[in-house]
Every structure is written in structure tokens, then in C-alpha cells.
Amino acid sequence: MMDNKRKREIRDYIGLVGSLLFSWLYLPHLLSYGFGKQRTVINGDMDVIRHQIKIRKKLPHWLILLFLLHQSPYFRSLFYYRIGPVKSLLFSWLRPGCKTFTIPYSTKIGKNLWFAHPYSTVLNAASIGDNFKCIHCVTIGKAMNSAGGKRPVIGDNVSVGCHACIIGPVTIGNNVTIGAGSVVVKDVPDNCTVVGNPARILKTNNV
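Bear in mind the structure is a predicted one, so any value in this text is a computation, not a measurement. (Residues numbered from 1 in each chain as written. Predicted model: local features only at pLDDT ≥ 70, side-chain atom pairs only at ≥ 80, totals over all residues. Heavy atoms only, no water.)

### Some points on the packing of helix α1 (residues 4-21) against helix α4 (residues 61-71)
Piece 1. Two elements in contact, α1 and α4, have axes whose closest approach is 9 Å; the angle formed by their N-to-C orientations is 95 degrees. Regarding the angle of α1 to α4, the classification is roughly perpendicular. Residues D12, G15, L16, G18, S19 and L20 of α1 lie in contact with α4, whose contacting residues are L63, L66, F67, H70 and Q71.
Piece 2. Its residues placed into classes, the contact of α1 with α4 shows five nonpolar, five polar and one charged. (Axes fitted to C-alpha atoms, helices over the stretch in contact; angles between N-to-C directions. Helix = DSSP H or I, 4+ residues; strand = E, 2+ residues; numbered from the N terminus. Parallel < 35°, antiparallel > 145°, perpendicular 65-115°, else oblique. Contact = heavy atoms within 4.5 Å. Nonpolar A, V, L, I, M, F, W, Y, C, P; charged D, E, K, R; others polar.)

### What about the sheet that holds strand β11 (residues 171-172)?
Piece 1. Read from one edge of the open sheet, four strands run β2-β5-β8-β11, paired in parallel fashion. Where the open sheet ends on each side, the last strands, each with one partner, are β2 (108-109) and β11.
Piece 2. When strand β8 (residues 153-154) meets β11, the two strands line up parallel, connected through two bridges. Bridged to V153 within β11 is T171. (Pairing = 2+ DSSP bridges.)

### Points about a nonpolar patch on the surface
Piece 1. Residues V17, L21, F22, W24 and L27 make up a contiguous nonpolar surface patch of about 550 Å² in total accessible area.
Piece 2. Relative to the elements of secondary structure, W24 occurs in the loop between α1 and α2 (27-35). (Patch = residues over 30% accessible without salt bridge, like charges linked within 9 Å, V, L, I, M, F, W, Y side chains within 5 Å. Areas by Shrake-Rupley, 256 points an atom, 1.4 Å probe, with all protein chains shown as cover. Salt bridge = Lys/Arg side-chain N within 4 Å of Asp/Glu carboxyl O.)

### As for the packing of aromatic side chains
Piece 1. This structure, assessed with the given rule, holds three aromatic pairs.
Piece 2. The interplanar angle of 65 degrees and the centroid separation of 6.1 Å between the aromatic rings of F79 and Y80 together place this pair among those described as edge-to-face.
Piece 3. Classification of F79 as buried rests on a relative accessible area of 1%.
Piece 4. Residue Y80 is classed as buried on the basis of its relative accessible area, which comes to 4%. (Phe/Tyr/Trp six-rings, centres within 6.5 Å; stacked < 30°, edge-to-face > 60°. Buried < 20%, exposed > 50% of the residue type's maximum accessible area, 1.4 Å probe, protein only.)

### Description of the pattern of salt bridges
Piece 1. Tallied over the full model, the rule gives four salt bridges.
Piece 2. The salt bridge partner of E9 is R6, with a shortest N-O separation of 3.1 Å. With E9 and R6 both in helix α1, this residue pair falls three residues apart, about one helical turn.
Piece 3. On the accessibility criterion, E9 (5% relative accessible area) is buried.
Piece 4. Note on R6: relative accessible area 38%, which makes it partly exposed.
Piece 5. Residue R82 pairs with D45 through a salt bridge whose shortest N-O separation is 2.8 Å.

### Some words on the nonpolar core
Piece 1. Among the nonpolar cores identified, the biggest contains 51 residues, and F75, L123, F132 and I172 are the most heavily contacted of them.
Piece 2. Where this core is concerned, the elements lending two or more residues are α2, α3 (39-49), α4, α5 (73-83) and β14 (192-195).
Piece 3. Among the elements that make up this core, the one with the highest residue count is α4 (seven residues).
Piece 4. Leave out the neighbours within four places in its chain, and I172 touches V153, I154, G155, V158, I166, I178, V184 and V188. (Core = buried A, V, L, I, M, F, W, Y, C linked by side-chain atoms within 4.5 Å.)

The following block contains the structure:
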């Protein structure tokens, strides 16, 4: 009997063939990637999620991009954010992203954004640093009663668990882990793990 790892590998090889067959759909995307200013940043995004592709052979970035654009509406949403609103408007009608994975263009996000099945996720921060990680049902945004409608500021190397909320004019430090289901409404210092509703510091992280 074939094990699950081998099944996933075969599935992704079939997905890669499908991506190549429909590559004409993504010519605008590939040209924008190849000649755009965000190529290095997009490469970084692909590098941190390429482990999700169960193909043993090392693939070039352009082929990983083609695979992810065809297979993952979540990655398409991130790609459209990276290339900006004008190109996104021109290209996204060909292959829309995920409607429930929202990244406003006004949010500034650093390099190497990692995600896994981020449905029902909103990343409406003022800024998010490098090496941000999140999974599903994460909400980052304004508080309904916050003064001036200010949004969170998130540092580098921050990981956010499922169903977590970061709300209002709060600052999240570097090297922070936010546990699943946490509700963060106050500033979080560097190098710690927070959990609960409202979130409290559980432990200090080793960095």
C-alpha cells in the first residue's frame, strides 16, 4: 500500500503538470515577476513555503511560482499584494485569490511571509516585520473604539496561532509567539510567548 508521503508527492507532480499545461493563464504574472521590483521578496515568500510542495527534485523559482499560482488561491492573494493594486487589478480576474485571506495594500509587510491554510484571515496591520508566520482564522486590525482607528505594529519573527486576534493600536515586539485563540489588546515586549483572552505573558522565548 502506498504511504501518504508518496501519495502527496504524486499529487504534486500531477499538479505541476497541470500548472505547465495552463501556464498561458499566468504569462502576465510571470512577466510581472520576472521584470518587477518585488522579485526578490516574492522569492523569499516562496522559499519559506516551498516545503509544502512534496516534489523531491529542486525546482527553480519560476516553476515554483507557476505551481503555487495554479494550485494555491492563498498564494495568489499574497502575490497580488506583493505586485501592488494596479497590476493586481489587471491580473486577478484571470485567476482570483482567496476572498477570505485579506491583506490590505496599506499594510507594510517585510520579507519571508509564511502561512498555512490561512482562510478567514485578515492582516490589517500598520506594519508587519520579516519572517511573520500565521495559519487560519487570524484577525489583525483596528479596534471599533480605538482612537483614530490605529492598527497594530508587529515586529520581526512573530508567529500567530489559529483564531488569534491582535486588535487596536498595540505594538508586538520581535521574536514573539502568540498562542491559538489569544486576544491581544495591549503591547507585547520582545522575546516572549503570550496566551489567553486577554493575552498574558506565559514565558520568555530563547533567542
